[in-house]
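Understanding the architecture of this molecule
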Amino acid sequence: MKRFLLLLPGPMQIPARVAKAGERPLFAHRSPEYMQFRARLESRVQPLFGTSSDILFLSSPGTGAMESAIVNMNSPGDEIIVMIGGVFAERWAAIGEAFGLKAHQAETDWRHGPSLDDVRRAMDRWPDASVVYVTWSESSTGVLIELDAIGQAVRDQNKWLVADAVSGLAISPLDMDGWNIDAVVVGSQKGLMLPPGLGLVAVGSRAWERSKTALSPRFTWDWSSYLAKVPVTPPLSLMHQLDAALDWIDEMGPGGVYKRRAAVAERIRGLVEGNGLEVYAKRPGNGITGCIAPPSFDIQRVIERLRDEYSIVIAGAPGKLNGKIFRIGHVGHLTDEEIDYFAQSFEKALASEG
């Protein structure tokens, strides 16, 4: 099968040593050996979340982790606030409505993402909503919102805050405890540099208390079942790969992974702007660069040319941004040589389109 260079919002290339770790021997998942391994992995990943809280490992995509944060924190008929700054923020509302919640959608400027003032206005407008759902790093736009101030404002109103950090974790520094976030959900195929299929949820003490009274139906995603036992077969090979990815991150030194992601993002944004295109996000994160297409620009043709002639895969945009922007993903592992090759190929593809 042909090998492509992936510059997608996820998944991306998997470092060879991380991929190799998936071949480590399996062992019984209901055994002391597994419980020790899981506990060690939890302690290793907590610093990326900026928390001392429990980390749950789910056999799921990021959306499954999101669903768990809906059903464990709400009862049918509850009101929630969803801050809408992109397509994946809209998913919070869709999941909530599927479980009988009244999801109040607060639309914001997608190029900036939800601001502190936006969240305050939403809480004033819907005072009976108890949980606020936000997307910290919006994969459909490339925006990274200012979550620290939002967390304090939500806590001041005695509400709960849940954040989607699927395309933000291990890309930008996160301080769950310091920012007053009650739960954070993540998928494995982005900053953690793994294949898809491992969902992670960091659950703070206030979220645990809330979950005790939540009545939404749940079975596989029941958080409480993951604490002292193993309710379903865990994705053990992915967890071995996570262990290897954390070795990689640790070897980069304190803050090293964030410095690398920032340097790559800066180069990609410079490449885009240097070729006369505009970055969509007014507050860009370091994992995804959304590019505004001029009126005469054929997005699909450039995507196809990169794929067919250079074996490079980038992405269009979902939802209302489809046909208006395209996205270059750099959420995970890219070598300097791969970036050089992409830059040269990107400029050739643009030149071919005039």
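Check the entry above for the structure.
Residues numbered from 1 in each chain as written. Predicted model: local features only at pLDDT ≥ 70, side-chain atom pairs only at ≥ 80, totals over all residues. Heavy atoms only, no water.

**What to know about the overall build of the chain**
Counting secondary structure elements, the chain contains 11 helices and 14 strands. For the C-alpha atoms alone, the extent of the chain along its principal axes is close to 60 × 55 × 35 Å. For the chain, with 354 residues in total, the buried portion stands at 59%. The contacts of the chain with a sequence gap of at least 6 include a subset with a gap of at least 24, amounting to 74%. In the structure as shown, the chain presents an accessible area of about 14,400 Å², 51% of it carried by carbon and sulfur atoms. On the chain, the mean spot of the 37 positive side-chain charges and the mean spot of the 42 negative ones are 2 Å from each other. (Helix = DSSP H or I, 4+ residues; strand = E, 2+ residues; numbered from the N terminus. Buried < 20%, exposed > 50% of the residue type's maximum accessible area, 1.4 Å probe, protein only. Contact = heavy atoms within 4.5 Å. Areas by Shrake-Rupley, 256 points an atom, 1.4 Å probe, with all protein chains shown as cover. Lys, Arg positive; Asp, Glu negative; His and termini not counted. Charge placed at Lys NZ, Arg CZ, Asp CG, Glu CD.)

**Description of the sheet that holds strand β5 (residues 131-135)**
Across the sheet, 7 strands lie side by side as β2-β10-β9-β8-β5-β3-β4; this open sheet has mixed pairing. Each edge of the open sheet is held by one strand with a lone partner, namely β2 (54-59) and β4 (102-107). Between one strand axis and the next, the sheet turns by 20° as a mean value, whatever way the strands run. Judged from the 6 bridges that link them, β2 and strand β10 (residues 198-203) form a sheet pairing that is antiparallel. Bridged to Phe57 within β10 is Leu200. Relative to β2, helix α2 (residues 32-49) is tilted by about 110°, and along the sheet it contacts β2, β9 (183-187) and β10. Across the face of the sheet, helix α8 (residues 236-251) comes into contact with β2 and β10 while running at roughly 70° to β10. (Pairing = 2+ DSSP bridges. Axes fitted to C-alpha atoms, helices over the stretch in contact; angles between N-to-C directions.)

**Observations concerning the packing of helix α3 (residues 62-71) against helix α4 (residues 87-98)**
Geometry of a packed helix pair, given as the angle between the helix axes and the separation of the axes. α4 packs onto α3 with a crossing angle of 50° between their chain directions and a minimal axis gap of 10 Å. Considering the angle they form, α3 stands oblique to α4. The hand of the α3/α4 crossing is right-handed. Between α3, through Thr63, Met66, Glu67, Ala69 and Ile70, and α4, the contact on the second element is made entirely by Phe88, Arg91, Trp92, Ile95 and Gly96. Residues belonging to the contact of α3 with α4 are distributed by class as follows: 6 nonpolar, 2 polar and 2 charged. (Parallel < 35°, antiparallel > 145°, perpendicular 65-115°, else oblique. Left-handed = near helix turned anticlockwise from the far one by under 90°. Nonpolar A, V, L, I, M, F, W, Y, C, P; charged D, E, K, R; others polar.)

**Examining the nonpolar core**
Residues Phe49, Leu147 and Leu200 are the most contacted members of the largest nonpolar core, which totals 58 residues. Broken down by element, this core gets its largest block of residues, 8 residues, from α8. Met73, Tyr133, Val203 and Trp223 belong to the second-largest nonpolar core, a separate cluster that totals 37 residues. (Core = buried A, V, L, I, M, F, W, Y, C linked by side-chain atoms within 4.5 Å.)

**Topic: the sheet that holds strand β11 (residues 278-279)**
Spatially, 3 strands are ordered β11-β12-β14 in an open sheet, and the strand pairing comes out antiparallel. Since the sheet does not close on itself, it has two edges, and those belong to β11 and β14 (325-329), each with one partner.

**Details of the environment of Lys259**
As for its placement among the helices and strands, Lys259 is situated in helix α9 (residues 256-274). Since its relative accessible area comes to 60%, Lys259 is described here as exposed. When the C-alpha atoms of Lys259 and Asn286 are compared, they prove to be 9.7 Å apart, with 27 residues separating the residues in sequence.

**Some remarks on the pairing of strand β12 (residues 288-292)**
Burial analysis of β12 places 4 of its 5 residues in the buried class, which makes it a mostly covered element. Strand direction decides the pairing type here: β11 and β12, joined by 2 bridges, are antiparallel. Within β12, the position partnered with Glu278 by the bridge is Ile292.

**Points about unusual backbone geometry**
The linkage connecting Gly10 with the following residue, Pro11, adopts the cis geometry, with an omega of 0°. Structurally, Pro11 can be placed in the loop between β1 (5-6) and α1 (16-21). Despite not being glycine, Asn180 shows a phi value in the positive range, around 60°. With respect to the helices and strands, the residue Asn180 is situated in the loop between β8 (160-164) and β9. For Ser311, which is not glycine, the phi torsion reads 60° and is therefore positive. Tracing the sequence through the fold places Ser311 in the loop between α10 (299-310) and β13 (312-313).

**As for the side chain of Ser139**
Relative to the elements of secondary structure, Ser139 occurs in the loop between β6 (137-138) and β7 (143-144). In terms of polar contacts, Ser139 uses its side chain to reach the side chain of Ser167, at 3.0 Å. The contact partners of Ser139, leaving out residues within four places of it in the chain, are Phe88, Ser167, Lys190, Ile288 and Arg327. (Polar contact = N/O pair within 3.5 Å; in protein donor to acceptor, adjacent residues only side chain to side chain.)

**Considerations on helix α6 (residues 147-156)**
Each full turn of the α-helix corresponds to 3.6 residues, which orients residues three or four apart in the same direction. Buried residues of α6: Leu147, Ile150, Gly151, Ala153 and Val154, and no others. Each buried residue of α6 lies within a common arc of 165° when the element is viewed along its axis, so the set occupies one face. Where the residues of α6 are buried, they touch α5 (116-125), β5 and β8. Positioned one or two residues after α6, Asn158 has a phi angle of 55°, which is positive. (Arc of directions from axis to C-beta.)

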